[in-house]
Amino acid sequence: MEPKDDILWHLAKKRAGFKKHLISYVIVNSFLWTVWFASGREYDQNDYLPWPVWVMLWWGVGLAFNYVNAYVVNTKDSIEKEYQKLKNQQS
């Protein structure tokens, strides 16, 4: 078995964590919407929004940050660029 690249291993863990978070989000929110529909609570014009929307919204914000952290910010190239920038400042 070949040795693991620490940077790639760390990135793979973040991406796997995001996928678990996404699956939890879908399952829990599906359950909450099922509870809302099963409770006989239909959308009323006097209500602003059904309560599961708020859970989806705020949890979705956290999920979006998790996505950015796993797929956008911490790519190997950005880490290498940041390392080179710090290295050049030292010179």
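Chains are numbered independently. Their residues run from 1 in the order of the written sequence. In keeping with the predicted nature of the model, local features appear solely for residues at pLDDT of at least 70, side-chain atom pairs appear and are counted solely at 80 or more, and the whole-chain, interface and lining totals rest on all residues. Note that the side-chain values use all heavy atoms of the structure and ignore hydrogens as well as water.

Q: How do you make sense of the environment of Gly-17 when you look at a structure like this?
A: Only DSSP runs of H or I covering at least 4 residues are called helices, and only runs of E covering at least 2 are called strands; the numbering of each starts at the N terminus. Positionally, Gly-17 belongs in helix H1 (residues 6–38). For the pair formed by Gly-17 and Tyr-67, sequence separation is 50 residues and the distance between their alpha carbons is 9.6 Å.

Q: I would appreciate a short explanation of the environment of Trp-51 in the present structure.
A: As for its placement among the helices and strands, Trp-51 is situated in helix H2 (residues 51–73). Distance from Trp-51 to Trp-33, taken between C-alpha atoms, is 8.9 Å for residues 18 residues apart in sequence. Excluding anything up to four places from it in sequence, Trp-51 contacts Leu-32, Val-35 and Trp-36. The contact criterion used is simple: two residues touch if any of their non-hydrogen atoms lie within 4.5 Å.

Q: Whenever I open this one, H2 confuses me. Can you help?
A: Helical geometry: 3.6 residues make up each α-helical turn, so side chains three or four residues apart lie on a common side. With 23 residues, H2 should reach 33 Å at 1.5 Å per residue; the first-to-last C-alpha distance of 32 Å fits that figure. Think of it in three bands: with a 1.4 Å probe and only protein chains considered, a residue is buried below 20% of the maximum accessible area for its type, exposed above 50%, and partly exposed in between. For H2, every residue scored as buried is listed here: Pro-52, Leu-63 and Ala-70. Packed against the buried residues of H2 are H1. The span one expects for a helix is its residue count, reduced by one, times 1.5 Å.

Q: Is there a simple way to explain H1 in this structure?
A: Here H1 contains 33 residues, and its C-alpha end-to-end distance of 48 Å stays within 8% of the 48 Å for a straight helix at 1.5 Å per residue. Within H1, burial applies to Leu-11, Phe-18, His-21, Tyr-25, Asn-29, Leu-32, Trp-33 and Trp-36.

Q: Explanation requested: the packing of aromatic side chains in the structure shown.
A: Here a ring pair, both rings aromatic, is described through the centre-centre distance and the interplanar angle of the planes. Note on aromatic contacts: the rings of Phe and Tyr and the six-membered ring of Trp form a pair at centre separations within 6.5 Å, being stacked when their planes are under 30 degrees apart, edge-to-face when over 60 apart, and tilted otherwise. Going through the model one piece at a time under the given rule, you end up with seven aromatic pairs. Between the aromatic rings of Phe-18 and Tyr-71, the centroid separation amounts to 5.7 Å while the plane-to-plane angle is 80 degrees, which identifies the pairing as edge-to-face. Taken together, the residues span a long stretch of sequence, with Phe-18 in helix H1 and Tyr-71 in helix H2 at a distance of 53 residues. The exposure class assigned to Phe-18 is buried, which follows from its relative accessible area of 9%. Since its relative accessible area comes to 24%, Tyr-71 is described here as partly exposed. Relative to Tyr-71, the ring of Tyr-67 has its centre 5.2 Å away and its plane inclined at 25 degrees; by these criteria the two rings are stacked. Of this pair, Tyr-67 and Tyr-71 both sit in helix H2, separated by four residues, roughly a single helical turn. For Tyr-67, a relative accessible area of 40% puts it in the partly exposed group.

Q: Looking at this structure, how should I read the side chain of His-21?
A: Here His-21 shows up in helix H1. Within 3.5 Å is the distance limit for a polar contact, defined as a pair of N or O atoms, with the added protein rule that one can donate a hydrogen and the other accept it, and that residues adjacent in sequence qualify only through two side-chain atoms. Reaching out from His-21, the side chain makes a polar contact with the side chain of Trp-59 at a distance of 2.8 Å. Dropping the residues within four chain positions of it, His-21 is found in contact with Trp-59, Gly-62, Leu-63 and Asn-66.

Q: Looking at this structure, I do not really get the packing of H1 against H2. What am I missing?
A: For any two helices packed against each other, one specifies the inter-axial angle together with the distance between the axes. Relative to each other, H1 and H2 sit at 170 degrees, their axes nearing to 9 Å. Here H1 is positioned roughly antiparallel relative to H2, judged by the angle of their axes. The residue classification treats Ala, Val, Leu, Ile, Met, Phe, Trp, Tyr, Cys and Pro as nonpolar and Asp, Glu, Lys and Arg as charged. All others, Gly included, are polar. Taken together, the residues of the contact of H1 with H2 sort by class into 19 nonpolar, eight polar and three charged. Between the N-to-C directions of two axes lies an angle of 0 to 180 degrees, each axis being a line fitted to C-alpha atoms and, for a helix, fitted only over the stretch in contact. When describing relative orientation, an angle under 35 degrees is termed roughly parallel and one over 145 degrees roughly antiparallel, while 65 to 115 degrees is termed roughly perpendicular and anything else oblique.

The values reported here are purely geometric and, on their own, carry no functional implication.
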